[in-house]
Amino acid sequence: MNSDTGKYIMLIGGAVVVIGLIIYFFHDKLHWIGHLPGDIRIEKENFRFYIPITTMILFSVLLTVIISLIRRFL
């Protein structure tokens, strides 16, 4: 291990803390996550099937932008 590994672990830990705080304080305003157009949801009496396709694409693009910005400035 080297010092770069330590930096990445601290960044990931900081990101987890920030995400946790956002969810804790704004959980009532984040109800749209998982209910976007394109998310597949099938609910019956004893069966639920859910595939959040659009939500995962949105999170993937957002994570890609964040990671590229971090790499550019660090």
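Throughout what follows, the structure given in this document is the object of discussion. (Residues numbered from 1 in each chain as written. Predicted model: local features only at pLDDT ≥ 70, side-chain atom pairs only at ≥ 80, totals over all residues. Heavy atoms only, no water.)

## Topic: the overall build of the chain
In plain terms, the rule: Helix and strand definitions follow DSSP, with helices as H or I runs of at least four residues and strands as E runs of at least two, each counted in order from the N terminus. Taken over C-alpha atoms, the radius of gyration is set against a globule rule of 2.2 Å times the number of residues to the power 0.38. Only heavy atoms enter the contact rule, under which two residues are in contact if any of them lie within 4.5 Å. Exposure was quantified through the Shrake-Rupley algorithm and a 1.4 Å probe, taking into account, for residues, occlusion by the shown protein chains and nothing else. Positive: Lys, Arg. Negative: Asp, Glu. His and the chain ends are not part of the count. Where a charge lies is defined by one atom per residue type, namely NZ (Lys), CZ (Arg), CG (Asp) and CD (Glu).
Within the chain one finds two helices and two strands. Since a compact globule built from 74 residues should have a radius of gyration of about 11 Å, the 17 Å found for the chain marks it as more spread out than a globular shape. In terms of overall dimensions, the chain has a C-alpha envelope of 55 × 25 × 25 Å along the principal axes. A separation threshold of at least 6 residues defines the contact pool for the chain, and within that pool the share at least 24 residues apart is 12%. Counting only carbon and sulfur atoms, one obtains 71% of the accessible surface of the chain, whose full area is about 6,900 Å². Each charge class in the chain can be summarised by its mean position, and for the 7 positive and 5 negative side chains these summaries are 8 Å apart.

## Some thoughts on the side chain of Thr55
Test applied: In protein, a polar contact means a hydrogen-donor-capable atom and an acceptor-capable atom, both N or O and within 3.5 Å, with residues adjacent in sequence counting only if both atoms are side-chain atoms; elsewhere, any N or O pair within 3.5 Å suffices.
Secondary-structure assignment places Thr55 in helix H2 (residues 53-73). Within the structure, the side chain of Thr55 is placed 3.4 Å from the backbone nitrogen of Gly34, a separation counted as a polar contact. Among the polar contacts listed, one links the side chain of Thr55 to the side chain of Asp39, at a separation of 2.7 Å. For Thr55, the residues in contact, after removing those within four places along its chain, are Ile33, Gly34, Leu36 and Asp39.

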